[in-house]
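The lines below spell out each chain.
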Amino acid sequence: MKRRALITTSLVVAGLIWTGTVGAMYQAVRRFETTPGRGASGTTMWPVRSRIVPERNRWTLVMLIHPHCSCTRASLQELERIIEMSGPSLQTYVLVYRPSDFQEGWEKTETFEAAKRLQRAHVLVDPDGREARLFGGFTSGQTFLYDGEGALRFAGGVTSLRGHAGVNRGSMDVVDIVRARARQGTHPVFGCAIVTTESEQRQ
Amino acid sequence: MSEIVTERDSVIDARAAAIRDEQLHARRVRVDRMFVWLFLLQYAAGIVGALTVSPYAWEGKVHTIHLHVWVAVIGGAGIIILPILLAIFRPGTTLTRHVIAASQMLSSALLIHLTGGRIETHFHVFGSLAFLAFYLDWKALITATVVVAGDHFLRGIFWPESVYGVANPEWWRFLEHAGWVAFEDVFLIWACVMGRREIAESASRQAQVEHLSELEQLKSAALEMAMSELQVASA
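Note that the structure is predicted; figures quoted are calculated from it, not measured.

Draft legend 1. Summary view of helix α1 (residues 2-34) of chain A. Between its first and last C-alpha atoms α1 of chain A spans 48 Å; for 33 residues at 1.5 Å apiece the expected length is 48 Å, and the two agree. Among the residues of α1 of chain A, A14, W18, T21, M25, V29 and E33 of chain A are the ones counted as buried.

Draft legend 2. Up close: helix α5 (residues 138-158) of chain B. Residues and elements named next belong to chain B. Relative to the 30 Å expected for 21 residues at 1.5 Å per residue, α5 spans 30 Å between its end C-alpha atoms, a close match to the ideal helical length. Those residues of α5 that fall on the buried side of the exposure criterion are A140, L141, A144, T145, V147, V148, D151, H152 and G156. In an axial view of α5, the angular spread of the buried residues amounts to 160°, which keeps them on one side of the axis. Residues of α5 that are exposed and point over 90 degrees away from its buried face: I157 and F158.

Draft legend 3. Inspection of the interface of chain B and chain A at higher detail. Each partner contributes to the interface: chain B provides 28 residues, whereas chain A provides 36 residues. Of all elements in the fold, only β1 (56-59), α2 (67-89), α3 (94-114) and α6 (161-164) of chain B reach the threshold of two or more residues within the side of chain B that touches chain A. Ranked by the residues each element gives to the side of chain B that touches chain A, the list is headed by α2 of chain B, at ten residues. Classifying every residue of the side of chain B that touches chain A by side-chain character gives 15 nonpolar, ten polar and three charged.

Draft legend 4. Looking closely at the sheet that holds strand β2 (residues 90-98) of chain A. Residue and element names in this part refer to chain A. Spatially, the six strands line up as an open sheet ordered β3-β2-β1-β4-β5-β6, and their pairing is mixed. Two strands close off the open sheet at either side, each with one partner strand: β3 (121-127) and β6 (185-187). Adjacent strand axes in the sheet meet at a mean angle of 15° when their direction is disregarded. By the bridge criterion, seven bridges tie β2 to β3 in an arrangement that is parallel. Note that in β3 the partner of Y93 across the bridge is H122. Against the sheet, helix α2 (residues 72-86) engages β1 (59-65), β2 and β3, with an angle of about 170° to β1.

Draft legend 5. Spotlight on the packing of helix α4 (residues 123-132) of chain B against α5 of chain B. All names here are of chain B. The geometry of α4 relative to α5 is characterised by a closest axis approach of 9 Å and an angle of 160° between their N-to-C directions. Judged by the inter-axis angle, α4 sits roughly antiparallel to α5. The handedness of the crossing between α4 and α5 comes out as right-handed. Along its contact with α4, which presents V125, L129 and L132, the element α5 presents A140, L141, A144 and V148. Residues that form the contact of α4 with α5 fall into these classes: seven nonpolar, no polar and no charged.

Cut-off values and rules
Residues numbered from 1 in each chain as written. Chains lettered and ligands numbered in written order. Predicted model: local features only at pLDDT ≥ 70, side-chain atom pairs only at ≥ 80, totals over all residues. Helix = DSSP H or I, 4+ residues; strand = E, 2+ residues; numbered from the N terminus. Expected span 1.5 Å × (residues − 1). Buried ≥ 20, exposed ≤ 12 C-beta atoms within 10 Å, placed from the backbone. Arc of directions from axis to C-beta. Contact = placed C-beta atoms within 7 Å. Nonpolar A, V, L, I, M, F, W, Y, C, P; charged D, E, K, R; others polar. Pairing = 2+ DSSP bridges. Axes fitted to C-alpha atoms, helices over the stretch in contact; angles between N-to-C directions. Parallel < 35°, antiparallel > 145°, perpendicular 65-115°, else oblique. Left-handed = near helix turned anticlockwise from the far one by under 90°.

What is shown is where atoms sit, not what they do.
Here is the structure:
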């Protein structure tokens, strides 16, 4: 009799845990996936102090990435699609964050390799996120699109959620702008922070 | 005479039903046990996957344990605790089957999330439905389908990008996704009904054989008694 009561109580408790966990998990995951990173506060023109020299009369896309951010793989998948759909008029730069006091090679992750595999894309290491600051980006996956005159036409992310590749407004906007079907665009960016408030203050 | 036949048939039918229920129960207990192992395997796979794909969340050069790892460890345990306890302490019951069906679909949703919504992980849903069909209980498949449809419906309302990739999908899009599950369900439900029918036929044959065997035993006992009486009389 005692054992039976114990089993029933255990099952009721497990039932409550089951219901609670499912609800809490949905809530936690939803909050995580839908909360964007800090948006860019960039200038409207190409930053002249950047070590990247864009070609005139060509579109230039810059994506900032944190090499250890797992969500950034989705941004790179989207970037691959953007490059394919935009054609050779688009030149692409992927800037890979690396703290200068960390040993060399820290940035060589699977995400880094995925960036290197992108066609027609230049991958550059960005020590301490200096370039990221010049462009005004803070979050991994942040994408900037400049026209041939150096004017900023798109600033934002190219995924719909954290770590979710697939059709989304951001990547569609980039392609539409390059194909002259849209003028400007912006979209929330989802990913790990590259430039934090603390590091910003130190600079 | 016809009353005797009817009574005999009802005895055989009752025995056939008892054998069928016994066989179904034994089968369902076995499937419950299989799911215990499957849940543990999926739990371990979820944790290994989270640790491999996204162990840390980063802020500049500072890292913390990624939410996916906590979700895999705590959320994964929360999902499987009830079905495992039910499978151990209430094996073969209807409640256990339905909780297992719902939990298996939630495990699919968790694995899909941990792999960043990979289309390949969605195959887990279809594999799971096939496993659930081992119960030969089509109602468990309906529970699983309702959980999948409910998950898509609710996420479609509150969190549409996570399912459809776009923020404003048509309201009926969840039906398209659930439709593919229903497509598989049709064949699995048919397989469940056929499987149950085969078990019922086999049970009926066994009951008839048992009845005939009992009759034979009664006959041979009567014959033995008659023989022994004859021997006593002749002596």
